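Remarks on the overall topology
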Amino acid sequence: MDQRKVDDHILLVPYYPNEDIAIAWYQDKELCRQVDNIDHVYSRDRLRAMYDFLSSHGECFYIQYKGKLIGDVSLRDNSEIAIVICREYQNRHIGRKCVWNMIELAKEKGMRQVRANIYAFNKQSQRMFWSIGFRPAEDEWYVYDIEQLQEKEIDLENN
C-alpha cells in the first residue's frame, strides 16, 4: 500500500503501529462518543485492536497534515469509510478532502458505492458527509454512489 497525496498539505500514510501518537486522538471523550458512541476514552489495547481490524479488513491510513499526524481514515473491504481527526484540526476541510480520496480509492477498487455510519447526534459529521454528496440510506447510515462521481467527471470533460 502506497502513500496517497491528497493535496500539497495532506498526505495519507499507510497504517503502521504508532500508538504513541494515535492514542492522543482517542483520549478526547467527545471524539470517542462521535466515533463509537461510547462514554469513555480508548485504552492502548482497544486502539491496537481497532487498527488491527481496520488494516486487516481494508486499507487504513494516518492523516498527515503539514508533516504532523492528526487522525486516521479507512476504507474497509465492505465499502465503509471511517475517519477521525483530532479536535484541533477539525473544521478545516481536511476530513472532506480525505473522504474524497477514499471515494477515489473505492473507485480504483471497482466499488460501486461507499457508505459511512454516522450517529444521529453527530451533526458535524453528517454535514461534512452531506456536503460531499452522501445521502441517508437507513438508520445512521449514509451512502455515496460512485456512479455520481463518474457522471461529474464526464460532465467536466464535456464542458
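Residues numbered from 1 in each chain as written. Predicted model: local features only at pLDDT ≥ 70, side-chain atom pairs only at ≥ 80, totals over all residues. Heavy atoms only, no water.

**Description of the environment of Ser56**
Selection rule: Helix and strand definitions follow DSSP, with helices as H or I runs of at least four residues and strands as E runs of at least two, each counted in order from the N terminus. In protein, a polar contact means a hydrogen-donor-capable atom and an acceptor-capable atom, both N or O and within 3.5 Å, with residues adjacent in sequence counting only if both atoms are side-chain atoms; elsewhere, any N or O pair within 3.5 Å suffices.
With respect to the element layout, Ser56 can be found in helix H3 (residues 44–56). Considering only alpha carbons, one finds Ser56 and Leu31, 25 residues apart in sequence, at a separation of 24 Å. Within the local environment of Ser56, its side chain forms a polar contact with the side chain of His57, the two groups lying 3.1 Å apart.

**Quick look at helix H5 (residues 123–132)**
Put simply, the rule reads: Exposure categories follow from relative accessible area, calculated using a 1.4 Å probe and restricted to protein chains: below 20% of the type maximum is buried, above 50% is exposed, and the middle band is partly exposed. The directions considered for the arc run from the helix axis to the C-beta atoms.
Every buried residue belonging to H5 is among Gln126, Met128, Phe129 and Ile132, and all of these are buried. The buried side chains of H5 occupy one side of the element, clustering within an arc of 165 degrees when seen end-on. The first or second residue beyond H5 is Gly133, which carries a positive phi of 125 degrees.

**Considerations on unusual backbone geometry**
One non-glycine residue with positive phi stands out, namely Lys66, at about 50 degrees. In this structure, Glu140 is a non-glycine residue whose phi angle is positive, near 65 degrees.

**What about the packing of aromatic side chains?**
For any two aromatic rings, the description comes down to two numbers: the centre-to-centre distance and the angle of the planes. The condition that has to hold: Aromatic pairing here means that ring centres of Phe, Tyr or Trp (its six-membered ring) are within 6.5 Å. Orientation follows from the plane angle: under 30 degrees is stacked, over 60 is edge-to-face, and everything else is tilted. Remark: a charge is flagged as sitting over a ring if the NZ atom of Lys or the CZ atom of Arg is within 6 Å of the ring centre and within 35 degrees of the ring normal.
Within the structure shown, the criterion is met by 11 aromatic pairs. Relative to Phe121, the ring of Tyr119 has its centre 5.7 Å away and its plane inclined at 0 degrees; by these criteria the two rings are stacked. Look at Phe121 and you get partly exposed, because its relative accessible area is 30%. In textbook terms, an aromatic cluster arises when at least three aromatic residues are bridged by ring pairs, as seen for Tyr15, Tyr16, Trp25, Tyr51 and Tyr62. The ring of Phe121 is capped by Arg33, whose NZ or CZ atom sits 3.7 Å from the centre of that ring.

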